[in-house]
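Fold and contact review
Chain residues, written in single-letter form:
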Amino acid sequence: MRYIDKPLTSPARQLLEDQRGWMRREGLDEKYDNLGSIVNAEGQNESVKKILNHQLRHEQGRICCYCQQRILQHNGDNATGSHNEHFYPEDTNIPLQLDYENLYACCNRSKGLEKRLQHCGEHKHNTQININLLRQHNCSDYFKYNVNGEILPVGPWTSTREIPATDQLTLEQQIAVEYISVLNLNLDTLVHMRKSVIDDTLLMVGAMDKHRINTMVQNLNTNKSDYPEFVDMIIYFCKRWSL
């Protein structure tokens with residue numbers, strides 16, 4: 001889980017504030033479904049939802065806010081694209097529908113699949129989990145990975161089968177487990193994809209010295225406009241290798 005900065009001044013925040021002002025002037029409820037359209041640089045009307053999605057994706061380095069898969073397309077309905085995700089569900093948190101802090105770009109990879117095959121926002125749906133983890137700069141430190149591609153809460157275990165009951169976990173571990181479960185981040189397809197990236201990462205860093213690995217980690221953390229898929233996992237294994 002990667003920290004996503006929500007700056008006090010950003011195009012997405014300003015866009016939402018402008019739209020809320022327009023809704024008030026028009027006597028409309030301040031709801032997500034009432035987002036309108038604006039004239040773009042080409043003089044054409046463009047959906048505010050589409051513009052917002054573009055801005056959110058850019059803020060996130062073009063990866064999904066949850067699974068960190070690459071968001072490839074601009075069209076939010078495309079299978080490799082994204083939608084505007086309300087962390088606190090849109091249906092049950094109307095005052096937060098246009099809250100910039102509550103909006104992220106989330107992948108559409110499992111859209112339309114049955115529940116057990118869904119992940120990220122599709123699997124989460126209207127489940128409400130605490131947003132505080134995402135707002136912590138060190139939120140990625142709550143998680144670890146094994147070489148098989150599973151994501152785990154930080155602790156002594158090496159696979160999901162070893163994780164004890166909730167009452168035996170620390171609060172931080174409980175929060176991590178909740179995120180993994182609600183977002184279905186250990187879905188087989190995600191595990192297999194992560195395993196492939198791990199294999200490539202270990203092969204690459206195996207030919208590098210400690211200095212080059214540390215430089216690569218620094219570059220991964222600073223190039224916020226274009227992250228690779230599963231960037232936190234890549235950094236995790238790079239750091240372990242360079243110890």
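See the structure shown above.
Residues numbered from 1 in each chain as written. Predicted model: local features only at pLDDT ≥ 70, side-chain atom pairs only at ≥ 80, totals over all residues. Heavy atoms only, no water.

With that settled, consider the pairing of strand β3 (residues 82–86). Of all 5 residues making up β3, 4 are buried, and the element is well covered by its neighbours. Note that β3 and strand β4 (residues 103–107) share 5 bridges and pair antiparallel. Pairing of E85 across the sheet is with Y104, part of β4. (Buried < 20%, exposed > 50% of the residue type's maximum accessible area, 1.4 Å probe, protein only. Helix = DSSP H or I, 4+ residues; strand = E, 2+ residues; numbered from the N terminus. Pairing = 2+ DSSP bridges.)

What follows is about the nonpolar core. If you look at the biggest cluster of nonpolar residues, it comprises 47 residues, and the most contacted ones within it are Y66, F87, F143, Y179 and L185. Contributing elements (two or more residues each) for this core: β4, β5 (143–145), α4 (171–182), α5 (188–205), α6 (210–222) and α7 (231–241). Per element, the largest residue contribution to this core is 7 residues, and it comes from α7. The contact partners of F87, leaving out residues within four places of it in the chain, are Y66, N102, Y104, K124, I129, N130, I131, L134 and Y179. In this structure, V48, I51, L56 and A105 belong to the second largest nonpolar core, which totals 15 residues. (Core = buried A, V, L, I, M, F, W, Y, C linked by side-chain atoms within 4.5 Å. Contact = heavy atoms within 4.5 Å.)

Enumeration over the complete set of coordinates arrives at 0 disulfides. Free of any disulfide, C64 has its nearest neighbouring cysteine sulfur in C107, separated by 3.7 Å. We classify C64 as buried; its relative accessible area is 1%. (Disulfide = S-S within 2.5 Å.)

Below, the discussion takes up the packing of aromatic side chains. All told, the structure shown has 5 aromatic pairs when counted by the stated rule. Centre to centre, the rings of F87 and Y179 are 6.2 Å apart; their planes meet at 35°, and the pair counts as tilted. Note that F87 is positioned in the loop between β3 and β4 and Y179 in helix α4, a separation of 92 residues in sequence. On the basis of relative accessible area, F87 is assigned to the buried category, the value being 0%. Sitting above the plane of the Y227 ring, R2 keeps its charged end 4.6 Å from the centroid. If you follow K6 out to its NZ or CZ, it ends over the ring of Y104, 4.3 Å from the centre. (Phe/Tyr/Trp six-rings, centres within 6.5 Å; stacked < 30°, edge-to-face > 60°. Lys NZ or Arg CZ within 6 Å of the ring centre and 35° of its normal.)

This paragraph deals with the environment of Q14. Mapped onto the elements, Q14 comes out in helix α1 (residues 11–26). With 86 residues separating them in the primary sequence, Q14 and Y100 have C-alpha atoms 9.1 Å apart. A polar contact is formed between the side chain of Q14 and the side chain of D18, at a distance of 2.8 Å. (Polar contact = N/O pair within 3.5 Å; in protein donor to acceptor, adjacent residues only side chain to side chain.)

With that settled, consider the layout of surface pockets. Here the largest pocket is characterised by a volume of approximately 640 Å³. Of all the elements in the fold, those that place two or more residues in the lining of the largest pocket are β5 and α7. Tallying contributions element by element places α7 first for the lining of the largest pocket, with 5 residues. The class makeup of the residues in the lining of the largest pocket is 14 nonpolar, 6 polar and 9 charged. Its volume calculated, the second largest pocket comes out at about 430 Å³. Those elements that place two or more of their residues in the lining of the second largest pocket are α2 (48–59), β3 and α3 (120–124). (1 Å grid on protein atoms, 1.4 Å probe; cavity = no way out; pocket = protein on both sides within 12 Å on 5 of 7 lines; lining within 4 Å. Points joined across faces, edges and corners; volume = space filled by probe spheres on them. Nonpolar A, V, L, I, M, F, W, Y, C, P; charged D, E, K, R; others polar.)

Geometry only, nothing functional implied.
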